[in-house]
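Residue-level structure breakdown
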Amino acid sequence: MKRKKKKYVIFRLAILLFSATLFLISCTEKQPTETSDPEEIVLSYKEIPINYENFRKVIGWISNEEVLVHTGEINNDTLSSFNIFTGEIEPIYEANSIILTAIISEDKQQILIQVVGEEGGELRVIDRNGSITQNLPLETTGFVNVNWNPANQNHIFISYYQSDTEIVVDNWNLETNEIIPVPSASMAPVWYSANLYLYVDNEDDFSLETGNLYMGDIRTNDMLRLKSQVSDFFVHEDTFITYTPSDFTDEELLLNYQYPFMVDKSFMAIPKVTMNDRLVFPYLSQAGRNTPVYGVFAKEAVELELGTGDFEFGQLDFDNKTIDPILDLPDNAPISMAENGKYSLYGWRYESIIDIEQKTIYSFINSPN
């Protein structure tokens, strides 16, 4: 009897141990681990912690998680870095005057600003610590168009109206602090390489339907006409897209895609947008070389003086000659892709962010309306 009882106890203990082991295994499988894939963590976007009245605009990306924010009070504007996920805001530079223009260098380490005050206008280049590394007095207190050379960041195009009809286009050499005139029939020449630049001469055609594409060389001042019937263009690294009104229908704008530059790949048509009989070109942006090109597109041709139109954020598909829609937008406003290609700034003041994967818009600032 005793031996049977002993065997029975051992048998029950074995069953209990086995059940406990299964329970522990089950709990372990259900318990979330601390080494979860960080890509699976859902990040939430934060609002900029400032009053709406002090918000001027978001200038652009300074990293995949930070943007440069322009805020200000009366005659005293400030630039700060803002982390879109943590909400942390950190002042970089206090101008003690009004900032009209700001642009970030390609390496994200320098910022060019145009300031105006009682003593006139000035361009300043500051580093990420807010120290001024170069400055240039200006003859104008009006808005200055700026284009920073992405290949040689010691060269910056600055252009402005000297009179109602006369334009000034200069190359500012940051190394020597020299200003060198640049041959250009356009107020907005765009750098293509360290020494070459592009612009369109619309030949005083208000509608912008007429245009010739030119390439200039700052080393020689030589000009070369590359192509006719170009109204405007988009260029980013090796991606080049020209805009031309369609000869077949008055409701389309033709996009000619070249990759690399001057090597035709494809073309497609998008709905035409005008304002007071003047072409309005699509806002395009690209994260990096050989990555998707995103844009803001009208769903159908529209004359903006007659109606606001319906617009969407989408990806250009030149292989199929279509726009792959991502989400509807409230307005035809500029965009700027982050380098990781996951999200884009959006809005006239870049006051919103588009999450491409979630297909959602988030606002950085609370509007009183």
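Residues numbered from 1 in each chain as written. Predicted model: local features only at pLDDT ≥ 70, side-chain atom pairs only at ≥ 80, totals over all residues. Heavy atoms only, no water.

**Focus: the pattern of salt bridges**
Applying the stated criterion across every chain, the model contains eight salt bridges. Among the ionic pairs, glutamate 209 bridges to lysine 272, the shortest N-O distance being 3.1 Å. Highlighted residues: glutamate 209 in the loop between β14 (196-201) and β15 (212-217) and lysine 272 in the loop between β20 (264-271) and β21 (273-275), separated in sequence by 63 residues. Residue class for glutamate 209 comes out partly exposed when judged on its relative accessible area of 36%. Residue lysine 272 is classed as buried on the basis of its relative accessible area of 7%. Here glutamate 237 ties to arginine 289 by a salt bridge, and the two come within 3.5 Å at their closest N and O atoms. In this pair, glutamate 237 is assigned in the loop between β17 (232-236) and β18 (239-245) and arginine 289 in the loop between β23 (283-286) and β24 (293-298), connecting sequence segments 52 residues apart. In this structure glutamate 237 comes out as partly exposed when scored by relative accessible area, which is 31%. (Salt bridge = Lys/Arg side-chain N within 4 Å of Asp/Glu carboxyl O. Helix = DSSP H or I, 4+ residues; strand = E, 2+ residues; numbered from the N terminus. Buried < 20%, exposed > 50% of the residue type's maximum accessible area, 1.4 Å probe, protein only.)

**What about the pairing of strand β19 (residues 252-258)?**
Within β19, five of the seven residues are buried, which leaves it mostly tucked inside the rest of the structure. Across six bridges, β18 lies against β19 in antiparallel orientation. Bridged to threonine 242 within β19 is asparagine 256. Two successive antiparallel strands, β18 and β19, enclose a turn made up of six residues. Pairing between β19 and β20: seven bridges, direction antiparallel. Paired with asparagine 256 across the strands is phenylalanine 267, a residue of β20. Where β19 folds back onto β20 in an antiparallel hairpin, the turn is made up of five residues, including methionine 262, whose phi is positive at roughly 75°. (Pairing = 2+ DSSP bridges.)

Everything listed here is a matter of coordinates, which is why it stays silent on function.
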